[in-house]
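Close look at the chain arrangement
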Amino acid sequence: MTWSVRAEGQLDGLPAAVEVAAYRIVVEAVNNAQRHSRAGDCTVRVRRVPGALLVDVDDTGIGLPDDPRGGIGLASMRDRAEELGGSCTVTSPNGGGTQVRVRLPLVPTNESPR
């Protein structure tokens, strides 16, 4: 599998918890693509937008099964994002492949942005 990483925006100064969560989620998503998807390509995109870090992992594989069993890996990605007040969705578009979409807030959820 060929894979690439694209980083956009200023990524310096991210909170440590966000860095760790993003790293662990990307590792799990890429490992899943390698093990299960039969993909030829996998792309990781990381970008900072106002108030959040967005992470996308897309592969060109066979996609999720019709009835995914929801293994530990998928649950751990969601849990890591939710622990920080963020979100993680894993979908397969009709054309195939798997898409992981992660949003990690850069402000603690109990504080409002200034």
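Now for a look at the structure at hand. What you see is a predicted model; the values in this text were computed from it and never measured. (Residues numbered from 1 in each chain as written. Predicted model: local features only at pLDDT ≥ 70, side-chain atom pairs only at ≥ 80, totals over all residues. Heavy atoms only, no water.)

1. With respect to the nonpolar core
Within the largest apolar cluster, 24 residues are counted, with the highest numbers of intra-cluster contacts made by Leu53, Val55, Val57, Val102 and Leu104. Of all the secondary-structure elements, those providing two or more residues to this core are α1 (16-37), β2 (41-49), β3 (52-59), α2 (72-83), β4 (87-91) and β5 (98-105). (Core = buried A, V, L, I, M, F, W, Y, C linked by side-chain atoms within 4.5 Å. Buried < 20%, exposed > 50% of the residue type's maximum accessible area, 1.4 Å probe, protein only. Helix = DSSP H or I, 4+ residues; strand = E, 2+ residues; numbered from the N terminus.)

2. Here's the deal with the sheet that holds β3
Read from one edge to the other, the open sheet built from five strands follows the order β1-β2-β3-β5-β4, with strand pairing classed as mixed. The open sheet has two edge strands with one neighbour each: β1 (2-8) and β4. Taken over all neighbouring pairs, the strand axes of this sheet differ in orientation by 10° on average, direction set aside. Relative to β3, β2 runs antiparallel, the two sharing eight bridges. Residue pairing for β3: Arg47 is matched across the bridge by Leu54. Most of the contacts of α1 go to β3, to which it runs at about 10°, and overall it touches β2, β3 and β5. (Pairing = 2+ DSSP bridges. Axes fitted to C-alpha atoms, helices over the stretch in contact; angles between N-to-C directions. Contact = heavy atoms within 4.5 Å.)

3. Let's talk about the pattern of salt bridges
Per the counting criterion, the structure on display carries five salt bridges. The partner of Arg45 in a salt bridge is Glu8, and the shortest N-O contact between them spans 3.0 Å. Remark: Glu8 occurs in strand β1 and Arg45 occurs in strand β2; sequence separation between them is 37 residues. On the basis of relative accessible area, Arg45 is assigned to the partly exposed category, the value being 25%. With a closest N to O distance of 2.9 Å, Arg47 and Asp56 form a salt bridge. Taking the relative accessible area as the measure of exposure, Arg47 reaches 17% and is therefore buried. Judged by its relative accessible area of 10%, Asp56 is buried. The network of salt bridges with common partners includes Arg47, Asp56, Asp58 and Arg101. (Salt bridge = Lys/Arg side-chain N within 4 Å of Asp/Glu carboxyl O.)

4. Describing the side chain of Asp59
Inspection of the secondary structure puts Asp59 in strand β3. One buried charged side chain, Asp59, makes no salt bridge at all; its nearest oppositely charged neighbour is Arg101, positioned 9.7 Å away. Separated by 2.8 Å, the side chain of Asp59 and the backbone nitrogen of Gly61 make a polar contact. Apart from residues lying up to four places away in sequence, Asp59 is in contact with Ala33, Ser37, Ala39, Asp41, Cys42, Gly97 and Thr98. (Lys, Arg positive; Asp, Glu negative; His and termini not counted. Polar contact = N/O pair within 3.5 Å; in protein donor to acceptor, adjacent residues only side chain to side chain.)

5. A closer look at α2
Here α2 spans 16 Å end to end across twelve residues, near enough to the 16 Å set by a 1.5 Å rise per residue. On its buried side, α2 packs onto α1, β4 and β5. Note on α2: the residue one or two positions beyond its end, Gly85, has a positive phi of about 85°. (Expected span 1.5 Å × (residues − 1).)

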